[in-house]
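# Observations on the three-dimensional arrangement
The residues making up each chain are set out below.
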Amino acid sequence: MVTRVAIVGSGIGGLVLAKTLTQYGAGKVEAWDEWKTRGGSLGIQQSSLILEKLGLKEVFDALANHPKATKYWSDGQDLQKMVLDSIPPEVIFLGHKLESLTEDDKEVTLTFANGKVDKADIVVGADGIHSVVKKQIFDCGEPVHAGFRLIYSCSSVPIRPNPEEVHVNWISKDGEGYHVMDWSAGAADKRHDVCLLMMRSEELISDKWDSTIVKDKLKELTSRVAPGHEVLHAAIENAEMCFDWGSTFSQCFQLGFLPNRE
Ligand SMILES: Cc1cc2nc3c(=O)[nH]c(=O)nc-3n(C[C@H](O)[C@H](O)[C@H](O)COP(=O)(O)OP(=O)(O)OC[C@H]3O[C@@H](n4cnc5c(N)ncnc54)[C@H](O)[C@@H]3O)c2cc1C
């Protein structure tokens, strides 16, 4: 009997798994995704070895902004598309949002929001931080904001005087601590100057925030926390992309190394 594997989620995790299983002929593979558009820059280090093992080295290096050291992507979606294009099209089902899973002695039944129903022997939850698969298997809620926040900016205009240096500072302000870093990723015309601010924050990061809103937030914070840091301000001012990250605790399981919330 051929094992039926259903992968829920075709982010980079689900796609690489689908590619690996199909390439090595492991069962009947189907990957399902609601496929929202997303983007953002990505720096890929050691994990590029996995893509190389899957025979994607050439196309990966050709697409990466800076193929030598850290592979730097201006748009993470290009990376997904690269893997997607290398998988037989009959394996991928886009436009399918998983709603529920039920299981009996024989198989798992997957029901999608568009009414499609699929049966599988193995289900892999690769459906990201708000995973429906995880919530259903562990019967748990949404991840909880852990109170840490990290905001950073990326500028292709070379502002930092010495790209070889990485600056790491700890600044105390009004009883709060801020971790401030700046460094340069990539080289020559692929260089990006990056500034990062990490802090405690109970403010929830909204997925509606676009890069401009995040940039304004970063400017406001850095002018308060590091008013005299001119290089930092110039790098943020010139940034084309800004990101806002929050760390979360999974309610499904907690990894041992995560700090206690208190
Ligand atoms: C701003 C930002 C910057 C980052 N920078 C880096 C970096 O530089 N380097 C790095 O290595 N990592 C970086 N990361 C982390 C990296 O993006 C994630 O680790 C990676 O995307 C996780 O991949 P994934 O496939 O597990 O999940 P995701 O990329 O989240 O993919 C999950 C997929 O599941 C789908 N899905 C969700 N729910 C359903 C459902 N109910 N039914 C069907 N499909 C569903 C979604 O559409 C999505 O395609 C960054 C993350 C962020 C947010």
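The paragraphs below set out a description of the structure included in this document. In this text the structure is predicted, and so the values were computed from the model without any measurement.

### Quick word on the pairing of strand S13 (residues 192–200)
Along any regular strand the residues' side chains alternate between the sheet's two faces. Where burial is concerned, most of S13 is hidden: 7 out of the 9 residues are buried. Pairing of strand S10 (residues 144–155) with S13, which is carried by 8 bridges, proceeds in the antiparallel orientation. Looking at the pairing, leucine 150 lines up with methionine 198 of S13. Bridge analysis of strand S12 (residues 176–185) against S13 gives 8 bridges, and the strand direction is antiparallel. Bridging across to S13, tyrosine 178 finds its partner in methionine 199.

### Thoughts on the sheet that holds strand S1 (residues 4–8)
Each strand in a sheet pairs with another by means of backbone hydrogen bonds, the pair being arranged parallel or else antiparallel. Taken in spatial order, the 4 strands of this open sheet run S5-S2-S1-S9, and their pairing is parallel. Strands with a single pairing partner mark the edges of an open sheet, and in this sheet they are strand S5 (92–94) and strand S9 (122–125). Adjacent strand axes in the sheet meet at a mean angle of 20°, parallel and antiparallel pairs treated alike. Of the strand pairs in this sheet, S1 and S9 are connected by 4 bridges, and their pairing is parallel. By the bridge assignment, valine 8 is partnered in S9 with glycine 125. Contacts from helix H1 (residues 12–23) reach S1, strand S2 (28–33), S5 and S9 within the one sheet, and its direction differs from that of S1 by about 160°.

### Focus on the environment of cysteine 195
Mapped onto the secondary structure, cysteine 195 falls in strand S13. Residue class for cysteine 195 comes out buried when judged on its relative accessible area of 2%. For the pair cysteine 195 and valine 180, spaced 15 residues apart in sequence, the C-alpha to C-alpha distance is 7.5 Å. Ignoring any residue separated from it by four or fewer positions in sequence, one finds cysteine 195 in contact with Ile151, Tyr152, Ser153, Met181, Asp182, Leu232, Ala235 and Ile236.

### Remarks on the packing of helix H6 (residues 211–225) against helix H7 (residues 230–237)
Following both chains from N to C, one finds H6 and H7 inclined at 170°, their axes separated by 10 Å at the closest point. In terms of orientation, H6 lies roughly antiparallel with respect to H7. Here Lys215, Leu218, Lys219, Thr222 and Ser223 of H6 come into contact with H7, specifically with Leu232, His233, Ile236 and Glu237. Its residues assigned to classes, the contact of H6 with H7 comprises 3 nonpolar, 3 polar and 3 charged.

### Details of the packing of aromatic side chains
Two numbers describe a pair of aromatic rings. These are the distance of the centres and the angle of the planes. Summed over all chains, the structure comprises 4 aromatic pairs. Relative to tryptophan 245, the ring of tyrosine 152 has its centre 5.8 Å away and its plane inclined at 80°; by these criteria the two rings are edge-to-face. Taken together, the residues span a long stretch of sequence, with tyrosine 152 in strand S10 and tryptophan 245 in strand S14 (residues 241–249) at a distance of 93 residues. The class of tyrosine 152 is buried, set by a relative accessible area of 12%. Clustering of aromatic rings is evident, with ring pairs tying together Trp32, Phe93 and Phe112.

### Quick look at the side chain of aspartate 118
Among the secondary structure elements, aspartate 118 is positioned in strand S8 (residues 117–120). Buried and unpaired, aspartate 118 has no salt bridge, with lysine 28 as the nearest side chain of opposite charge at 5.7 Å. In contact with aspartate 118, not counting residues within four places along its chain, are Ala6, Glu30, Trp32, Val108, Thr109, Leu110 and Phe112.

### What to know about the state of the cysteines
Tallied over the entire structure, the rule returns 0 disulfides. Of the cysteine sulfurs around cysteine 154, a residue in no disulfide, the closest is that of cysteine 242, at 8.1 Å. Here cysteine 195 is not disulfide-linked; the sulfur of cysteine 242 is the nearest cysteine sulfur, at 9.1 Å.

### Some details on the pairing of S10
Most of S10 is tucked away: 10 of the 12 residues are buried. The sheet contact formed by S10 and S14 spans 8 bridges and is antiparallel. Each bridged residue has a counterpart across the sheet, and for arginine 149 the counterpart in S14 is glycine 246.

### A word on H7
What H7 keeps buried is the set Leu232, Ala235 and Ile236. Take H7 and look down its axis: the buried residues cluster within an arc of 95°, on one side only. Contacts from the buried residues of H7 go to S10, S12, S13 and H6.

Rules behind the numbers
Residues numbered from 1 in each chain as written. Predicted model: local features only at pLDDT ≥ 70, side-chain atom pairs only at ≥ 80, totals over all residues. Heavy atoms only, no water. Buried < 20%, exposed > 50% of the residue type's maximum accessible area, 1.4 Å probe, protein only. Helix = DSSP H or I, 4+ residues; strand = E, 2+ residues; numbered from the N terminus. Pairing = 2+ DSSP bridges. Axes fitted to C-alpha atoms, helices over the stretch in contact; angles between N-to-C directions. Contact = heavy atoms within 4.5 Å. Parallel < 35°, antiparallel > 145°, perpendicular 65-115°, else oblique. Nonpolar A, V, L, I, M, F, W, Y, C, P; charged D, E, K, R; others polar. Phe/Tyr/Trp six-rings, centres within 6.5 Å; stacked < 30°, edge-to-face > 60°. Lys, Arg positive; Asp, Glu negative; His and termini not counted. Salt bridge = Lys/Arg side-chain N within 4 Å of Asp/Glu carboxyl O. Disulfide = S-S within 2.5 Å. Arc of directions from axis to C-beta.

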